[in-house]
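Each chain is listed here by its residues.
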Amino acid sequence: MKIRIVSILVVVIFCLGIGSAYAQEVPRDQLYFCIDTTVKPSRAADYEANCKKLTAEYAKHNFKFPWYAYSSNDFHYFFVFPINSLADMDAMAKEGTEMMNKIGKENFDKLWDGYGGTFDNRRDYFLTHIADLSHTPEKPRVKIEEGKFIIWRAYYIKSDMVKEAEDVTKELIALRKSKNIANGVNVLKGGLGADTPIHISEEWALSASDYYQNMEKDNAVLGEEFSAIWQKVLKVTRKYEERQGVYRADLSYAPKKE
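The model shown is predicted, which means the values in this text are computed figures rather than measured ones. (Residues numbered from 1 in each chain as written. Predicted model: local features only at pLDDT ≥ 70, side-chain atom pairs only at ≥ 80, totals over all residues. Heavy atoms only, no water.)

1. A look at the nonpolar core
Here comes step 1: Counting residues in hydrophobic clusters, the biggest one holds 29 residues, and the most contacted among them are Phe33, Tyr58 and Phe79.
Here comes step 2: Of all the secondary structure elements, the ones that give two or more residues to this core are strand S1 (31–39), helix H1 (44–60), strand S3 (76–83), helix H2 (88–103), helix H3 (105–113) and strand S4 (119–129).
Here comes step 3: A total of 5 residues in this core trace back to one element, the largest contributor, which is H1.
Here comes step 4: Counting residues in hydrophobic clusters, the runner-up holds 16 residues, among them Tyr68, Tyr70, Leu127 and Ala154. (Core = buried A, V, L, I, M, F, W, Y, C linked by side-chain atoms within 4.5 Å. Buried < 20%, exposed > 50% of the residue type's maximum accessible area, 1.4 Å probe, protein only. Helix = DSSP H or I, 4+ residues; strand = E, 2+ residues; numbered from the N terminus.)

2. Quick word on H2
Here comes step 1: Taking 1.5 Å of rise per residue, 16 residues should cover 22 Å, and H2 covers 22 Å from first to last C-alpha, within 8% of that figure.
Here comes step 2: Taken together, the buried positions of H2 are Asp88, Met89, Met92, Ala93, Glu95, Gly96, Met99 and Ile103. Along the axis of H2, the buried residues cluster in a sector spanning 165°; they form a single face. Residues Asp90, Lys94 and Asn101 are exposed on H2 and point more than 90 degrees away from its buried face.
Here comes step 3: Elements in contact with the buried residues of H2: S1, H1, S3, H3 and S4. (Expected span 1.5 Å × (residues − 1). Arc of directions from axis to C-beta. Contact = heavy atoms within 4.5 Å.)

3. Observations regarding the confidence of the model for the protein chain
Here comes step 1: Mean pLDDT for the protein chain: 89, with 89% of residues reaching 70 or above.
Here comes step 2: Counting interchain partners and residues more than four positions distant, the pLDDT-below-50 stretch residues 1–27 has 140 contacts. (pLDDT = per-residue confidence, 0-100.)

4. Considerations on the sheet that holds S4
Here comes step 1: With antiparallel pairing, the 8 strands of this closed barrel are ordered in space as S1-S3-S2-S8-S5-S7-S6-S4. Between one strand and the next, the sheet's axes are offset by a mean angle of 35°, whatever the strand orientation.
Here comes step 2: Contacting S1 and S3, H1 runs over the sheet at an angle of about 25° to S3.
Here comes step 3: Strand contacts of helix H4 (residues 162–178): strand S5 (149–157), strand S6 (186–190) and strand S7 (198–205), with the helix running at about 20° to S7, the strand carrying the most contacts. (Pairing = 2+ DSSP bridges. Axes fitted to C-alpha atoms, helices over the stretch in contact; angles between N-to-C directions.)

Quick look at the structure:
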C-alpha cells in the first residue's frame, strides 16, 4: 500500500496536538502542519523501523523542512512540521518530488510501501501555537527541550462560546503568572483539518512522576481561584480528551545548515 501525505511527507502524532516539548523554543504564534497516525500495537516496531529508513534517506539528500516526532501512550505517532503559512505546503510538495527523483522512484516506492499494514488510520491537520494564551516562565523549572514526558489536553469548544473560551484561558494563564508557577504551558488552536473549535494545552516534565508530583504542588498554590476558573472552562467545553506521550528525537529530523 502506498502512502502519500501531500505527496511527500513522513507519516507520524499528536499535537492533538499538540504540539509538545519541542526541541527548540516555541516561536510566537507558530503555525504547524501535523500528521497523526494510529499505529497497530503489534506493528509499532515495524512502523518505527520504516520511519527511520525513510528519515535516513531524506537526511542523505538533505530534505529542506524539519519535523518533530512524538509518540503517545495509545500508539498514536505525530509528526509536526513548523511552517510560515499554508503556501509552504506547495514548497514541501515540490521538495518531496525532488526527494523522489534523488532517491529513485523504485526505491522511493519501496520505502513508502514499508508502511503497509502498520497503521489503522491517519489524520492531517493544522495547529497554531498562541503566545497570548500560553505561559512561558522566565525561569522554567524544566526547559521545554529537557522535557521527557508530555501531557496534552484537548478542549473541544462549544461553537458559540469561542470568545469565552479564549477569555477563560487568559484568566488561567494570568493566575499561573500571578502565583509564579514555574511549569510552562503551551496552548495551540486547531485549524484546517482539526475538529474545530479546539484548544490543545501541552505541559512537560522530566518524567510522569515528576509531572504529577509538581502538578499537585502547583494545584495547592493555585487553590480555590483555580477551581473557580476551572468551572468556567467546563462550561465552554463540549468534549475533553487527555493523552500522554514523549518527544521522539530518533524519529525527528532537522536539515543540515548550509
